[in-house]
Amino acid sequence: AQSVAQPEDQVNVAEGNPLTVKCTYSVSGNPYLFWYVQYPNRGLQFLLKYITGDNLVKGSYGFEAEFNKSQTSFHLKKPSALVSDSALYFCAVNGYNFNKFYFGSGTKLNVKP
Amino acid sequence: DGGITQSPKYLFRKEGQNVTLSCEQNLNHDAMYWYRQDPGQGLRLIYYSQIVNDFQKGDIAEGYSVSREKKESFPLTVTSAQKNPTAFYLCASSIKTSGHTDTQYFGPGTRLTVL
């Protein structure tokens, strides 16, 4: 079965500290992996994706994610958090010949001043 | 929110009414999707369409209907059969490359409330 897990409902971090939002996946074949961010009452915004190549992917707003095939993980990271990064983050996966995405349940990131 | 528009932003429905949510995209994407999001929850797929005049049920299609008469448009009707329709509805579109579905781009959403 195809699935995505975001094990933390909420992550709290102080402004200026590094942040990590975790994601693990289960999909047959080579996955396409994505991170999205959602601000209140808004649609999801695309942050970054992994398709192939370098395991470290850089995206918008200083975010990056590391693909780890052996651990089937795709954790989102940022070296220095901003208060404006506070939002809901979703991980998603798409497998070969899959016509739909599988989304995680979301992780709420709280960055405190 | 890219080239995807959803209207209206807020919608109120009385018991027993059907309502239609609009979704339009100018990205020339083949695939379009409808999701439902409830407070504190993730996204649940309602319907999706890979090409014009074809669509498939997602995980929670009961009480909903769609049409795909044009590539740019994928309206969602919430019927009176949907007993708990109060939620935030998101439309998305994507291209399909080399067997995978590439990045989905989302509209700004419609918040539906049952009175």
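In this report, we go over the structure that sits alongside the text.

## Focus on the overall build of chain B
So, step 1. Counting its secondary structure elements, chain B contains zero helices and 13 strands.
So, step 2. Secondary structure elements of chain B occur, N-terminal to C-terminal, as β-β-β-β-β-β-β-β-β-β-β-β-β.
So, step 3. A globule of 115 residues ought to have a C-alpha radius of gyration of about 13 Å, and chain B, at 13 Å, matches this closely.
So, step 4. For chain B, the spread of C-alpha atoms along the three principal axes comes to 45 × 25 × 25 Å.
So, step 5. For chain B, restricting intrachain contacts to residue pairs at least 6 apart in sequence, the fraction spanning at least 24 positions comes to 52%.
So, step 6. Here chain B has roughly 5,200 Å² of accessible surface; of this, 49% comes from carbon and sulfur atoms.
So, step 7. Where the 12 positive side-chain charges of chain B centre and where its 11 negative ones centre are 6 Å apart.

## With respect to a nonpolar patch on the surface
So, step 1. A cluster of nonpolar side chains, contributed by Tyr10(B), Phe12(B) and Leu115(B), occupies part of the molecular surface with about 360 Å² of accessible area.
So, step 2. Relative to the elements of secondary structure, Tyr10(B) occurs in strand β2 (residues 10–13).

## Brief notes about the pattern of salt bridges
Two side chains of opposite charge can pair, provided their charged atoms sit close to one another.
So, step 1. Overall, the coordinates contain eight salt bridges over all chains when judged by the stated rule.
So, step 2. The partner of Lys49(A) in a salt bridge is Asp102(B), and the shortest N-O contact between them spans 2.7 Å. Highlighted residues: Lys49(A) in strand β6 (residues 44–50) and Asp102(B) in the loop between β11 (100–101) and β12 (105–106), drawn from two different chains.
So, step 3. Overall, Asp102(B) belongs to the buried group, its relative accessible area being 10%.
So, step 4. With a closest N to O distance of 2.7 Å, Asp38(B) and Arg44(B) form a salt bridge.

## Points about the interface of chain A and chain B
So, step 1. Contact with chain A, which involves 26 residues of that partner, is made by 28 residues of chain B.
So, step 2. Broken down residue by residue, the surface that chain A buries against chain B is led by Asn41(A), Asn99(A) and Lys100(A), which jointly contribute 26%.
So, step 3. Counting across the chain A and chain B interface gives two salt bridges.
So, step 4. The residue Asp59(B) makes a salt bridge to Lys100(A) at a minimum N-O spacing of 3.6 Å.
So, step 5. Linking chain A with chain B are five residue pairs in polar contact (both at pLDDT 80 or more).

## Quick look at the nonpolar core
So, step 1. Trp35(A), Leu47(A), Leu48(A), Phe74(A), Leu76(A) and Tyr89(A) are the most contacted members of the largest nonpolar core, which totals 28 residues.
So, step 2. For this core, the element with the most residues is strand β10 (residues 87–94) of chain A, which contributes four residues.
So, step 3. Look past the residues within four positions of Leu76(A) in its chain and what remains in contact with it is Leu19(A), Thr20(A), Val21(A), Trp35(A), Leu47(A), Leu48(A), Phe63(A), Glu64(A), Ala65(A) and Tyr89(A).
So, step 4. The next biggest cluster of nonpolar side chains, apart from the first, holds 20 residues, and it includes Val19(B), Tyr47(B), Ile60(B) and Ala87(B).

## Some words on the state of the cysteines
Cysteine pairs can be covalently joined through their sulfur atoms, and such a bond is termed a disulfide.
Residue and element names in this part refer to chain A.
So, step 1. Per the stated rule, a full pass over the model turns up two disulfides over all chains.
So, step 2. Cys-23 shares a disulfide with Cys-91; S-S distance 2.0 Å. Negative torsions about the S-S bond denote left-handed disulfides, and the value of about -65 degrees found for Cys-23 with Cys-91 makes this one left-handed. Residue Cys-23 is located in the loop between β3 (19–21) and β4 (24–26), and its partner Cys-91 is located in strand β10; the two are separated by 68 residues in the primary sequence.

## Concerning the side chain of Asn110(A)
Residue and element names in this part refer to chain A.
So, step 1. With respect to the helices, strands and loops of the structure, Asn-110 is situated in strand β12 (residues 107–112).
So, step 2. For Asn-110, the side chain forms a polar contact with the side chain of Asn-12, separated by 3.0 Å.
So, step 3. In this view, Asn-110 contacts Gln-10, Val-11, Asn-12, Val-13 and Ser-86; residues no more than four positions away in its chain are not counted.

Conventions used here
Residues numbered from 1 in each chain as written. Chains lettered and ligands numbered in written order. Predicted model: local features only at pLDDT ≥ 70, side-chain atom pairs only at ≥ 80, totals over all residues. Heavy atoms only, no water. Helix = DSSP H or I, 4+ residues; strand = E, 2+ residues; numbered from the N terminus. Rg over C-alpha atoms; globule rule 2.2 N^0.38 Å. Contact = heavy atoms within 4.5 Å. Areas by Shrake-Rupley, 256 points an atom, 1.4 Å probe, with all protein chains shown as cover. Lys, Arg positive; Asp, Glu negative; His and termini not counted. Charge placed at Lys NZ, Arg CZ, Asp CG, Glu CD. Patch = residues over 30% accessible without salt bridge, like charges linked within 9 Å, V, L, I, M, F, W, Y side chains within 5 Å. Salt bridge = Lys/Arg side-chain N within 4 Å of Asp/Glu carboxyl O. Buried < 20%, exposed > 50% of the residue type's maximum accessible area, 1.4 Å probe, protein only. Buried area = accessible area lost by both parts, 1.4 Å probe. Polar contact = N/O pair within 3.5 Å; in protein donor to acceptor, adjacent residues only side chain to side chain. Core = buried A, V, L, I, M, F, W, Y, C linked by side-chain atoms within 4.5 Å. Disulfide = S-S within 2.5 Å.

Keep in mind these values describe shape, not function.
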